[in-house]
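Chain residues, written in single-letter form:
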Amino acid sequence: MKSIFIDCCLGISGDMLASALFDLGVPESIFLDNLVNLKIDEDLKLNFDTGDSEGINGILCTKTKTQIEESSRSLNDIKNLLLDSSLNNYVKEKSIEVFEILAAAEAIVHGNEIVDVHFHELGSIDSIIDIVNVCSAIDFLKPEKIYFSNPPAGKGTVYTSHGLLPVPVPTVLEIAKQKEIPLILFEDKFIGEITTPTGIALIATFLDKIGQPDNMNIKKIGIGLGNKNFSRPNFLRVLLIDKKHDCITNNNQPLYETIISQEAWIDDSTPEDIATLIDRLRLAGAIDVVCHSVDMKKNRKGICIKAIVKPEDETLLREVWFNYSTTIGLRENKINRWILPRRTGKHKTKLGEVSFKQSMRPNGKILIKIEHKDLAKISLNTGIPLDEIRQKLFMELSEFYEFND
């Protein structure tokens, strides 16, 4: 399953993100259809053109239209506009969610009720299209997870409909606070806004995790350029990544991966409860679970239970720990490991069908491990000792060297 990593460390706005998603491979028709489905301005034209920013090539989104006078829009105005459109339900819901996040922040900043919030720049046709374009592009890609880098705070001041404001503007700060999105500071010659309210509201809407994924098998890269000219490159990039570890490689070399270790020490559960917990952890997807006795405070004997899990399963396993054990704390650590390329499969033999695990050493030698439960089943059915069955099956499987799925 593919995910996307949105690297916005140099800044983020709605049009930059839409441009990067276009460059990633979202068809232009997705964006052009939005103009028709929104039913707001037949004369508006949307263009995605190749450009560069201080030598970095990417896509720049521009909009051209006949001059029209825009008034401010309330949240309900924008909701009605979106609900009355021909956009699909996902795009409608996500676009409304973005504006609700903006409205909640604006209400706090200005001391108003949400229903009394009126958007000025944020309610313009340009902003509405940028938000809808991003939502429809995400709908097209349907990523399993969306990662964002920390957006930059920026510095200096910016002119708005409310006059001169400090950067980050109050709405950006409020969304960052409400949604717990850390802003980063770095040495930058540019003085002005580089994370816009629309940009951070889109982060808040689609964010699954802040930070770069541990492992990135990069499939495609999209570059979106900003409209402002800086003394440095002004772009945002989106990486289409595949986090699935494909354990079959062409060079037979061990694979390096990051997994999660989850551990708790428990001294107030019965052995039966511990056994049930271990079963639940394994059923929930733990790679393996081990336990051993430990001496805890007040000289009490306890059990140390440790599960190793895939990063994509850590949240689910965490819920198992807290819902089905007596622990009130859980230690987690990222650990790295090397694994041999392997696969599992089934093979019909003269003695019956058996499951096996096949792995390959760096020297090309293939190892086969037959599932013990299948050996035991054959032994019970035939009366043949396990060792004899194992030897016969190894002889039969010795020619089974095919190693691709």
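This is a predicted model, so every value here is computed, not measured.

Trainee: Please explain the overall build of the chain as it appears in this structure.
Mentor: For the chain, the count of helices and strands is eleven helices and 18 strands. In terms of C-alpha radius of gyration, the chain reaches 28 Å, well past the compact-globule figure of 22 Å for 405 residues. Taken along its principal axes, the extent of the C-alpha atoms in the chain is 90 × 55 × 45 Å. Within the span of the chain, comprising 405 residues, buried residues form 46% of the whole. A sequence separation of at least 24 residues applies to 70% of the contacts in the chain between residues at least 6 apart. If you sum the accessible surface of the chain, you get close to 21600 Å²; carbon and sulfur atoms cover 49% of it.

Trainee: Can you walk me through unusual backbone geometry in this structure?
Mentor: With glycine set apart, most residues show a phi of negative sign, and most peptide bonds adopt trans. In this structure, P168 follows V167 across a cis peptide bond, with omega equal to 0°. Its location among the elements puts P168 in the loop between β8 (163-166) and α6 (170-178). Within the chain, K142 stands out as a residue other than glycine whose phi angle is a positive 50°. Following the sequence through the fold, K142 ends up in the loop between α5 (125-141) and β6 (146-148). A relative accessible area of 56% means that K142 is categorised as exposed.

Trainee: Got a minute to help me understand the packing of helix α2 (residues 28-38) against α5 in this structure?
Mentor: Any two packed helices are characterised by the angle at which their axes cross and by the distance between the axes. Direction vectors running N to C along α2 and α5 enclose 125°, while the axes themselves pass 9 Å from each other. The angle between α2 and α5 places the two elements in the oblique class. Considering how the two elements wind past one another, α2 and α5 form a crossing that is right-handed. Contacts from I30, F31, N34, L35 and L38 in α2 reach I128, I129, V132, N133, S136, A137 and F140 in α5. Across the contact of α2 with α5, the residue classes tally to nine nonpolar, three polar and no charged.

Trainee: How should the sheet that holds strand β13 (residues 288-295) be read in this particular structure?
Mentor: Backbone-to-backbone hydrogen bonds pair the strands of a sheet. The strands run either parallel or antiparallel. Reading across the sheet, the four strands line up as β13-β14-β12-β15 and stay open at both edges, with antiparallel pairing between neighbours. In this open sheet, the two strands that pair with only one neighbour each are β13 and β15 (331-339). Pairs of neighbouring strands in the sheet enclose a mean axial angle of 30°, with direction left out of account. Here helix α9 (residues 314-324) sits on the sheet in contact with β12 (255-266), β14 (301-309) and β15, set at roughly 10° to β12.

Trainee: I tried to follow the side chain of N133 on my own but got confused; where do I start?
Mentor: With respect to the secondary-structure elements, N133 resides in helix α5. Apart from the residues lying within four places of it in its own chain, the contact partners of N133 are A18, F31, N34 and L46.

Trainee: How should the sheet that holds strand β18 (residues 366-370) be read in this particular structure?
Mentor: What the three strands build is an open sheet, ordered β16-β17-β18; its pairing is antiparallel. Single-partner strands in this sheet number two, and they are β16 (342-349) and β18. Geometrically, the sheet is characterised by an average inter-axis angle of 35° between neighbouring strands, direction not taken into account. Helix α10 (residues 372-382) rests against β17 (352-360) and β18 of the sheet, and its axis sits at about 150° to β17. Sheet contacts for helix α11 (residues 386-397): β16, β17 and β18; angle to β18, the most-contacted strand, approximately 140°.

Trainee: Where do I start with helix α8 (residues 271-283) in this structure?
Mentor: Since one α-helical turn is 3.6 residues long, residues separated by three or four positions face the same way. Compared with an ideal rise of 1.5 Å per residue, which puts 13 residues at 18 Å, α8 spans 18 Å between its outermost C-alpha atoms and is within 8% of the ideal. Among the residues of α8, I274, L277, I278 and L281 are the ones counted as buried. Buried residues of α8 fall within an arc of 100° about the axis and therefore sit on the same side. Facing away from the buried side of α8 by more than 90 degrees, the exposed set consists of E272 and L283. Tucked inside the fold, the buried residues of α8 contact β12, β13, β14 and α9. Directly after α8, the chain includes G285, whose backbone phi takes a positive value near 120°.

Trainee: Help me out: how do you make sense of the packing of aromatic side chains in this one?
Mentor: To describe a pair of aromatic rings, one takes the distance between the centres and the angle between the planes. Scanning the model with the defined rule gives six aromatic pairs in all. On the numbers, 4.5 Å between centres and 10° between planes, the contact of F22 with F48 is stacked. One end of the pair, F22, is in helix α1 (residues 14-24); the other, F48, is in strand β2 (residues 45-53), and 26 residues separate them in sequence. Centre to centre, the rings of F31 and F48 are 4.9 Å apart; their planes meet at 50°, and the pair counts as tilted. Linking F31 in helix α2 with F48 in strand β2, this pair joins segments that are 17 residues apart in sequence. Between R280 and the ring centre of Y324, over which it is positioned, the NZ or CZ distance is 3.8 Å.

Here is what the cut-offs are and how they apply
Residues numbered from 1 in each chain as written. Predicted model: local features only at pLDDT ≥ 70, side-chain atom pairs only at ≥ 80, totals over all residues. Heavy atoms only, no water. Helix = DSSP H or I, 4+ residues; strand = E, 2+ residues; numbered from the N terminus. Rg over C-alpha atoms; globule rule 2.2 N^0.38 Å. Buried < 20%, exposed > 50% of the residue type's maximum accessible area, 1.4 Å probe, protein only. Contact = heavy atoms within 4.5 Å. Areas by Shrake-Rupley, 256 points an atom, 1.4 Å probe, with all protein chains shown as cover. Axes fitted to C-alpha atoms, helices over the stretch in contact; angles between N-to-C directions. Parallel < 35°, antiparallel > 145°, perpendicular 65-115°, else oblique. Left-handed = near helix turned anticlockwise from the far one by under 90°. Nonpolar A, V, L, I, M, F, W, Y, C, P; charged D, E, K, R; others polar. Pairing = 2+ DSSP bridges. Expected span 1.5 Å × (residues − 1). Arc of directions from axis to C-beta. Phe/Tyr/Trp six-rings, centres within 6.5 Å; stacked < 30°, edge-to-face > 60°. Lys NZ or Arg CZ within 6 Å of the ring centre and 35° of its normal.

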